[in-house]
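Structure assessment
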Amino acid sequence: MQTRFDLTQSDIPKNWYNLLTDFPEPVPPPLHPGTKQPVPPEALQAIFPDNLIQQEMSSERWVEIPEPVREIYALWRPTPLLRAVRLERALKSPAHIYYKYEGVSPAGSHKVNTSVPQAFFNKEAGTKRLATETGAGQWGSSLGMACKLFGLECNVYMVKVSYQHKPYRRMLMHTWGATVHASPSDQTQFGRKLLAEDPHCPGSLGIAISEAIEDTVTHPNTKYSLGSVLNHVCLHQTVIGEETIKQMEMAGEEPDVIFGCCGGGSNFAGLTFPFIRKKIKEGKKYRIVGVEPSACPSLTKGELKYDFGDTAETTPLMMMYTLGHQFMPPAIHAGGLRYHGMSPMVSHALKLGLIEAEAYHQTKVFEAATLFAQSEGIVPAPESAHAIAAVVDEAIKAREHGQKKVLLFNLSGHGLLDLSAYETYLTGKLTDV
Ligand SMILES: *Cc1c(COP(=O)(O)O)cnc(C)c1O
């Protein structure tokens, strides 16, 4: 039986897909916090280059992927689509379970799908140096690799607790030539102020974002880069779904239900936006489900409203499902899903009923992750395992109702740098918050 569906280099998509152009009603624009008026493109020029600002607000359905970006994508794309037959058997389910595997990239996750074009467009625009923040280091390492490949400097503010306790992605960033500061740092006025108040401040993503933005506006030829949430990031990730549509055709099946884990929403957007296009344009009836941690439930428990993207209130206001920009997510092991808000595009899709959302506790997530590793071999990232937990439940439901459902999910990354979280689970020390 064929269980792996591979495309060739020439099948790497030539365009990214922009769902903004197909929503039945427009996504509410970002607002200036003072005037409450839509933010004009010029207002973003201090932190982003013009070409990416254009993509953020683009009204083109298809955005061409530059050849130098496609050539770097070819280092790991097209990624495989696999059928999880051993997981199906382990669950004794008649469901067919397919997964798109983004963990084959050099950084081990989907994030390089956007770090590479972001570095490319910055280089084109004359940027010499990028500043960014990172929590556990997935985004910082992805941007570090992309910057090195295009000859840009990369300056990363890494949340101090992770800097100290999660050394491997920091080492990866160093290997790719990035400069990494434990945040709060002595590099910025904001960081120095916090250190003066409390030299042992553990840091947070909100603080690191504020430092990266301050770094950007106080250094020449420097721009800021973000790894999720924004429209242009979701746009870049659509290569995942465009490839998957072709691969599901190779498999001769159509998904009934499509799952992706949701932190800021980018890997979910990447897989599902091309399928949402088919829902809108071709009347397809897919159920599309975003899966988030119960400990940080913006889609299932948040409120849809205008809110800041960061704790220090420096960003424009975005219309999104949010737990409030002051929300401090508990220290769950899926570090990449600890964000108070959700991508405005993903939020809009939920509001319009194009997608649904579910939340899972981390013990259930690690139970599903371990079952997946023991049946399919791949050790999933704790973030991706949220999607697996939902797939497992759906496959069990299919068994109980005797339905041959076709399930599809995005395996956004591998968990080989998250083994300490697995150890916590395997030694019975994991708790739900
Ligand atoms: C960062 C990360 C996520 C969460 O980010 P999204 O923008 O929601 O995709 C999910 N999976 C992995 C492997 C990650 O590194």
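This text follows the structure it describes.
Only a predicted model underlies this, so the values are computations on that prediction, with no experimental measurement involved.

Side note on the pattern of salt bridges
- Summed over all chains, the structure comprises 24 salt bridges.
- The residue Arg4 makes a salt bridge to Asp6 at a minimum N-O spacing of 2.7 Å.
- Residue classification places Arg4 among the partly exposed residues on the basis of a relative accessible area of 43%.
- Overall, the relative accessible area of 36% leaves Asp6 in the partly exposed class.

A few points about the pairing of strand β15 (residues 406-411)
- A large share of β15 lies buried, amounting to 6 of its 6 residues.
- What you see with β15 is no split at all: Val406, Leu408 and Asn410 on one side and Leu407, Phe409 and Leu411 on the other are buried throughout.
- As judged from the 6 bridges shared by strand β5 (residues 96-101) and β15, these two strands associate in the parallel manner. Bridged to Tyr101 within β15 is Leu411.
- Relative to β15, strand β10 (residues 257-261) is paired through 3 bridges, and the arrangement is parallel. Considered in β15, the bridge of Ile258 is made with Leu408.

Description of the site of the ligand
- Every one of the 19 residues lining the ligand counts as a neighbour, but Lys111, Ser228, Gly263, Ser266 and Asn267 are closest to it.
- At a separation of 2.7 Å, an oxygen atom of the ligand approaches a polar side-chain atom of Ser266.
- At a separation of 2.7 Å, a nitrogen atom of the ligand approaches a polar side-chain atom of Ser412.
- Its residues assigned to classes, the shell around the ligand comprises 4 nonpolar, 13 polar and 2 charged.

Some points on the side chain of Ser228
- Checked against the element boundaries, Ser228 lands in the loop between β9 (222-224) and α10 (231-237).
- Classification of Ser228 as buried rests on a relative accessible area of 16%.

Remarks on the packing of helix α11 (residues 239-251) against helix α12 (residues 266-282)
- The interhelical angle for the contact between α11 and α12, taken along N-to-C directions, is 55°, at an axis separation of 6 Å. The angle between α11 and α12 places the two elements in the oblique class. The crossing of α11 and α12 is right-handed. On α12, the residues touching Ile240, Gly241, Glu242, Thr244 and Ile245 of α11 are Asn267, Gly270, Leu271, Pro274, Phe275, Arg277 and Lys278.
- Here the residues of the contact of α11 with α12 are counted per class, giving 5 nonpolar, 4 polar and 3 charged.

Description of helix α4 (residues 112-124)
- Taking 1.5 Å as the rise per residue, α4 with 13 residues should run 18 Å; its terminal C-alpha atoms sit 18 Å apart, in good agreement.
- Here α4 lies mainly inside the structure; 11 of its 13 residues are buried.
- When we look at burial in α4, the residues that qualify are Val112, Asn113, Thr114, Ser115, Val116, Pro117, Gln118, Ala119, Phe120, Phe121 and Asn122.
- Looking one or two residues past α4, Gly126 carries a phi angle of roughly 95°, positive in sign.

Conventions and cut-offs
Residues numbered from 1 in each chain as written. Predicted model: local features only at pLDDT ≥ 70, side-chain atom pairs only at ≥ 80, totals over all residues. Heavy atoms only, no water. Salt bridge = Lys/Arg side-chain N within 4 Å of Asp/Glu carboxyl O. Buried < 20%, exposed > 50% of the residue type's maximum accessible area, 1.4 Å probe, protein only. Helix = DSSP H or I, 4+ residues; strand = E, 2+ residues; numbered from the N terminus. Pairing = 2+ DSSP bridges. Near = heavy atom within 4 Å. Polar contact = N/O pair within 3.5 Å; in protein donor to acceptor, adjacent residues only side chain to side chain. Nonpolar A, V, L, I, M, F, W, Y, C, P; charged D, E, K, R; others polar. Axes fitted to C-alpha atoms, helices over the stretch in contact; angles between N-to-C directions. Parallel < 35°, antiparallel > 145°, perpendicular 65-115°, else oblique. Left-handed = near helix turned anticlockwise from the far one by under 90°. Contact = heavy atoms within 4.5 Å. Expected span 1.5 Å × (residues − 1).

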